[in-house]
Amino acid sequence: MILARYLAREIWLAVGFVLLALLALFFIIDLLRAIDEVGRASYGVRDAAVFVALQLPSTAYLLMPVAALIGTIYALAQFAASSEFTIMRVSGLSTRRAVGAVLRAGAWLVLATFLVGEYVAPRAEDLAQKLRLAQLGRAASTDFRSGFWIKDLVTLDGGDIVGTRFVNAGQVLPDGTLRDVKLYEFDSRMRLESVSVAESADYSGGVGWTLHNVRETRFLADRGAGGPFANRELVRRTETSVQSSRVWTAKLDPNVFTSAFITPQRMSTMALWKYVSHLKQTRQSAAKHEIALWQKAVYPLGVAIMMLLALPFAYLHVRSGGVSLKIFAGIMLGVGFFLLSNLSSNLGLLRNWNPAATALLPVGVALAVASIWLSLVERKIRWLPWKR
């Protein structure tokens with residue numbers, strides 16, 4: 001128990017040190033990138049520094065597996081270099097007990113990674129984007145020149161679906177207000193029924209959206225009396241109405257609009273789950289966000305697996321490679337893990353793989369490599385003691 005606490009303390013200190021070093025490096029890199037916008041409107045150097053600083057929780061979340069791997073390798077390599085790990089093994093620290101000690105230390109890092117990724121990073125990222133847009137005097141941007149497009153369903157009070165609504169917002173302001181809003185409503189047979197244009201829309205929880213300065217055009221149809229269009233519904237006339245305000249009762253909230261352009265990996269699990277539910281409900285492709293949702297669920301486990309992957313380095317004698325060489329090997333393993341994660345998600349999206357299997361593949365490969373490596377180490381210790 002004393003050895004486990006000692007190992008955990010040294011590993012935590014090493015992981016914290018590596019994480020701080022990586023965050024400092026990425027802070028400088030991101031700050032240099034953000035300085036390109038300094039001087040526009042009221043956006044200054046301090047605003048850029050605050051923006052980058054608020055993104056550090058997201059950066060820490062992404063870097064945590066690599067930091068855990070390198071930090072654990074460094075701590076265990078120091079034990080091996082000073083022969084402390086050899087003394088621990090002589091004192092009864094078997095490979096199985098070493099695995100348990102490392103996993104117990106990793107459990108707290110897994111919990112910390114989950115909490116940062118679920119609660120701290122999304123809120124800090126949202127605040128960073130709002131402060132940046134507010135100082136630049138801009139609205140949220142999209143790749144489409146026409147703005148943001150969201151699909152919604154038209155339902156009755158009882159919940160029955162009677163049509164489809166396509167919502168277009170020219171701008172999404174930092175406070176969640178929509179500008180230049182257009183609503184296109186279709187019936188169950190995808191025939192256009194109405195087009196509403198509003199200057200802006202504000203969201204109020206429990207009420208819905210309030211449209212301001214609305215101009216609605218309805219297309220009224222009836223059946224043809226004869227000729228080639230007999231018994232077919234034809235648009236005979238239109239009706240236009242103008243209202244200063246109108247309540248649009250929809251389940252869409254501002255988070256749905258922001259989810260359309262925020263990177264899925266930077267969203268919280270709950271936000272991803274809600275957006276995936278919305279996409280499925282409106283019969284849209286949700287594969288990309290489903291993969292991101294599963295990756296978000298299993299990503300913290302990668303921290304413990306990376307630490308487990310670092311454990312065999314403790315059994316390598318110093319003459320087989322110094323601490324610097326082991327750290328370099330750890331960096332390469334971390335880079336390989338990231339490359340495998342990206343490759344798996346892209347292939348899963350292209351090949352329509354199961355989202356859960358796509359997200360679990362990198363973690364499973366890393367766990368298999370760690371298990372095989374530890375098994376070989378244990379076999380070497382058991383049968384070839386003179387090579388320890």
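See the structure above.
What you are looking at is a predicted structure, and each value in this text was computed from that prediction instead of being measured.

## A few points about the overall build of the chain
Each helix and strand counted, the chain has 11 helices and six strands in total. Per-residue burial for the chain yields a buried fraction of 42% across its 388 residues. At a minimum sequence separation of 6, the contacts of the chain that also span at least 24 residues come to 61%. A total accessible area of about 21400 Å² is found for the chain, and carbon and sulfur atoms account for 60% of it.

## Quick word on empty space enclosed by the protein
With the rule as written, the count across this model stands at one cavity of 30 Å³ or more. Here the largest cavity is characterised by a volume of approximately 50 Å³. If you go around the largest cavity, the residues you meet are Ser58, Tyr61, Leu62, Gly117, Ala121, Pro122, Gln265, Arg266 and Lys296. Those elements that place two or more of their residues in the lining of the largest cavity are α3 (56–81) and α5 (95–136). Of the residues assigned to the lining of the largest cavity, the class counts are four nonpolar, three polar and two charged.

## Regarding helix α10 (residues 323–351)
Along its 29 residues, α10 runs 41 Å from first to last C-alpha, staying within 8% of the 42 Å computed at 1.5 Å per residue. If you check which residues of α10 are buried, you get Lys326, Gly330, Gly334, Phe337, Ser341, Ser344, Ser345 and Gly348.

## Brief notes about the pattern of salt bridges
According to the stated counting rule, one finds eight salt bridges in the structure shown. For arginine 191, the salt bridge identified is with aspartate 187, shortest N-O distance 2.8 Å. Take arginine 191: its relative accessible area is 29%, and that puts it in the partly exposed class. Here the residues in one salt-bridge network are Asp152, Arg165 and Glu185, joined through shared partners.

## Some words on the pairing of strand β4 (residues 192–204)
In terms of strand pairing, strand β3 (residues 178–187) meets β4 through eight bridges, oriented antiparallel. Looking across to β4, one finds that leucine 183 is bridged to serine 196.

## Some thoughts on the packing of helix α1 (residues 2–34) against α3
Axis separation between α1 and α3 bottoms out at 6 Å; the angle between their running directions is 135°. Considering their axes alone, α1 and α3 lie oblique with respect to each other. Between α1 and α3 lies a crossing of right-handed hand. Looking at the contact of α1 with α3 residue by residue, the class counts come to 22 nonpolar, three polar and two charged.

## Brief notes about unusual backbone geometry
We note that methionine 190 has phi near 60°; this positive angle belongs to a residue other than glycine. As for its placement among the helices and strands, methionine 190 is situated in the loop between β3 and β4.

## Some points on a nonpolar patch on the surface
Residues Trp12, Trp108, Leu111, Phe114, Leu115, Tyr119 and Val120 make up a contiguous nonpolar surface patch of roughly 700 Å² in combined accessible area. Ranked by residues supplied to the nonpolar patch, first place goes to α5 with six residues. Here valine 120 lies in helix α5.

## Some words on the packing of aromatic side chains
Here the structure, examined in full by the defined rule, presents eight aromatic pairs. Ring centres of phenylalanine 166 and phenylalanine 186 lie 5.7 Å apart, and the angle between their planes is 85°; on these two criteria the pair is classed as edge-to-face. In this pair, phenylalanine 166 is assigned in strand β2 (residues 161–172) and phenylalanine 186 in strand β3, connecting sequence segments 20 residues apart. Judged by its relative accessible area of 25%, phenylalanine 166 falls in the partly exposed class. We classify phenylalanine 186 as buried; its relative accessible area is 19%. Pairing phenylalanine 313 with tryptophan 373 gives two aromatic rings, centres 5.1 Å apart and planes at 70°, and the pair type is edge-to-face. Of the two residues, phenylalanine 313 sits in the loop between α9 (301–310) and α10 while tryptophan 373 sits in helix α11 (residues 355–383), which places them 60 residues apart along the sequence. Accessibility expressed as a relative area gives 5% for phenylalanine 313, which makes it buried. Judged by relative accessible area, which is 25%, tryptophan 373 ranks as partly exposed.

## Concerning the pairing of β3
With nine bridges joining them, β2 and β3 adopt antiparallel strand pairing. Bridge pairing in β3 places glutamine 171 opposite arginine 179. As consecutive antiparallel partners, β3 and β4 are separated by four residues, and within that stretch methionine 190 has a phi angle of approximately 60°, a positive value.

## Things to note about the packing of α3 against α9
For the pair α3 and α9, interaxial distance at closest approach is 8 Å and the crossing angle is 25°. Between α3 and α9, the angle falls in the class roughly parallel. As for how α3 packs across α9, the hand of that crossing is right-handed. Here Met64, Pro65, Ala68, Leu69, Thr72, Ile73 and Leu76 of α3 come into contact with α9, specifically with Gly302, Val303, Met306, Met307, Leu309 and Ala310. Grouping the constituent residues of the contact of α3 with α9 by class yields 11 nonpolar, two polar and no charged.

Rules of the game
- Residues numbered from 1 in each chain as written.
- Predicted model: local features only at pLDDT ≥ 70, side-chain atom pairs only at ≥ 80, totals over all residues.
- Heavy atoms only, no water.
- Helix = DSSP H or I, 4+ residues; strand = E, 2+ residues; numbered from the N terminus.
- Buried < 20%, exposed > 50% of the residue type's maximum accessible area, 1.4 Å probe, protein only.
- Contact = heavy atoms within 4.5 Å.
- Areas by Shrake-Rupley, 256 points an atom, 1.4 Å probe, with all protein chains shown as cover.
- 1 Å grid on protein atoms, 1.4 Å probe; cavity = no way out; pocket = protein on both sides within 12 Å on 5 of 7 lines; lining within 4 Å.
- Points joined across faces, edges and corners; volume = space filled by probe spheres on them.
- Nonpolar A, V, L, I, M, F, W, Y, C, P; charged D, E, K, R; others polar.
- Expected span 1.5 Å × (residues − 1).
- Salt bridge = Lys/Arg side-chain N within 4 Å of Asp/Glu carboxyl O.
- Pairing = 2+ DSSP bridges.
- Axes fitted to C-alpha atoms, helices over the stretch in contact; angles between N-to-C directions.
- Parallel < 35°, antiparallel > 145°, perpendicular 65-115°, else oblique.
- Left-handed = near helix turned anticlockwise from the far one by under 90°.
- Patch = residues over 30% accessible without salt bridge, like charges linked within 9 Å, V, L, I, M, F, W, Y side chains within 5 Å.
- Phe/Tyr/Trp six-rings, centres within 6.5 Å; stacked < 30°, edge-to-face > 60°.

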